[in-house]
Amino acid sequence: MEPSNKAAGSRGRRSGMNGAKASARKRVVIADSDPLARRVIRAALQDDHDFVVPAEAKTGVEAIELCGYYKPDAALLETDLGNGLDGIVAARKIREAAPGTKILMFSREDREDVQLAALAAGASGFIPKSADIAEVVQGLKHVIEGRAAIPPRATLVLIPRL
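Now for a quick tour of the structure.

The rules behind each value
- Residues numbered from 1 in each chain as written.
- Predicted model: local features only at pLDDT ≥ 70, side-chain atom pairs only at ≥ 80, totals over all residues.
- Heavy atoms only, no water.
- Helix = DSSP H or I, 4+ residues; strand = E, 2+ residues; numbered from the N terminus.
- Buried < 20%, exposed > 50% of the residue type's maximum accessible area, 1.4 Å probe, protein only.
- Contact = heavy atoms within 4.5 Å.
- Areas by Shrake-Rupley, 256 points an atom, 1.4 Å probe, with all protein chains shown as cover.
- Core = buried A, V, L, I, M, F, W, Y, C linked by side-chain atoms within 4.5 Å.
- Lys, Arg positive; Asp, Glu negative; His and termini not counted.
- Salt bridge = Lys/Arg side-chain N within 4 Å of Asp/Glu carboxyl O.
- Polar contact = N/O pair within 3.5 Å; in protein donor to acceptor, adjacent residues only side chain to side chain.
- Axes fitted to C-alpha atoms, helices over the stretch in contact; angles between N-to-C directions.
- Left-handed = near helix turned anticlockwise from the far one by under 90°.
- Nonpolar A, V, L, I, M, F, W, Y, C, P; charged D, E, K, R; others polar.
- Pairing = 2+ DSSP bridges.
- Right-handed = clockwise from strand over helix to strand, strands pointing away.

**Re the overall build of the protein**
Item 1. The helix and strand inventory of the protein stands at 8 helices and 6 strands.
Item 2. Looking at the protein residue by residue over its 162 residues, the buried ones come to 48%.
Item 3. The long-range share in the protein, meaning contacts at least 24 apart out of those at least 6 apart in sequence, stands at 67%.
Item 4. Carbon and sulfur atoms make up 53% of the accessible area of the protein, which totals about 7900 Å².

Right, here's the structure in full:
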């Protein structure tokens, strides 16, 4: 579990950012078992200036605890978090612990059953890990705004199955 001192500290370093702008930034908890992936995603979100990352998780249990504590606007969850609690189970539990938190799932696997399970667990979207980082950022913006974030080719497969 990694609370982010960097996120809070970086606010003051951005020139021209007043308190109102900083408070308008959306809070996102990142949960991925890969520390490099977490760092890349954090950097992209913070560079976007619309986001702040209060914490990162490497397991499903940590993701649930952090979302329950921080009540972020969104959580970005890898489906395969390991340690006995995958991202899909964590998504269900986060919906209970922090009902206002929107969930965007992402995975190395581009399988229909995984995507359906993620949506059934309460995720508002699903992005493959092969996606460009800009697609991840855009997906988070969509789910926070109350829209779905599902790749177009996935909708062609998923809609008939719903």
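**Quick word on the nonpolar core**
Generally speaking, nonpolar side chains in soluble globular proteins are found buried as a group.
Item 1. Of all hydrophobic cores here, the largest spans 24 residues; its most connected members are Leu77, Ile94, Ile103 and Met105.
Item 2. Of all the secondary-structure elements, those providing two or more residues to this core are strand S2 (26-31), strand S3 (51-57), helix H4 (60-70), strand S4 (74-78), helix H5 (87-97), strand S5 (102-107) and helix H6 (112-120).
Item 3. Excluding residues within four positions of it along the chain, Ile94 makes contact with Ala63, Ile64, Cys67, Leu77, Pro99, Thr101 and Ile103.
Item 4. Counting 19 residues, the second largest nonpolar core, distinct from the first, contains Leu45, Val53, Ala131 and Ala149.

**Topic: the side chain of Arg25**
Item 1. With respect to the helices and strands, the residue Arg25 is situated in the loop between helix H2 (19-23) and S2.
Item 2. Despite its burial, Arg25 pairs with no opposite charge; the closest candidate is Asp50, at 7.2 Å N-O.
Item 3. Side-chain polar atoms of Arg25 contact the backbone oxygen of Phe51, separated by 2.6 Å.

**A word on the packing of helix H3 (residues 35-48) against helix H7 (residues 133-144)**
Item 1. Packing of H3 against H7 leaves a shortest axis separation of 10 Å and a crossing angle of 60°. Between H3 and H7 lies a crossing of right-handed hand. Here H3 contributes Val40, Ile41, Ala44, Leu45 and Asp48 to the contact with H7, which in turn contributes Ile133, Val137, Leu140 and Lys141.
Item 2. Residues belonging to the contact of H3 with H7 are distributed by class as follows: 7 nonpolar, no polar and 2 charged.

**So, the pairing of S2**
Item 1. Here S2 pairs with S3 via 5 bridges, running parallel. Note that in S3 the partner of Ala31 across the bridge is Ala57.
Item 2. With H3 bridging S2 and the parallel S3, this β-α-β connection has right-handed handedness.
Item 3. The sheet contact formed by S2 and S4 spans 4 bridges and is parallel. In the sheet register, Val28 faces S4, and the bridge partner there is Ala74.

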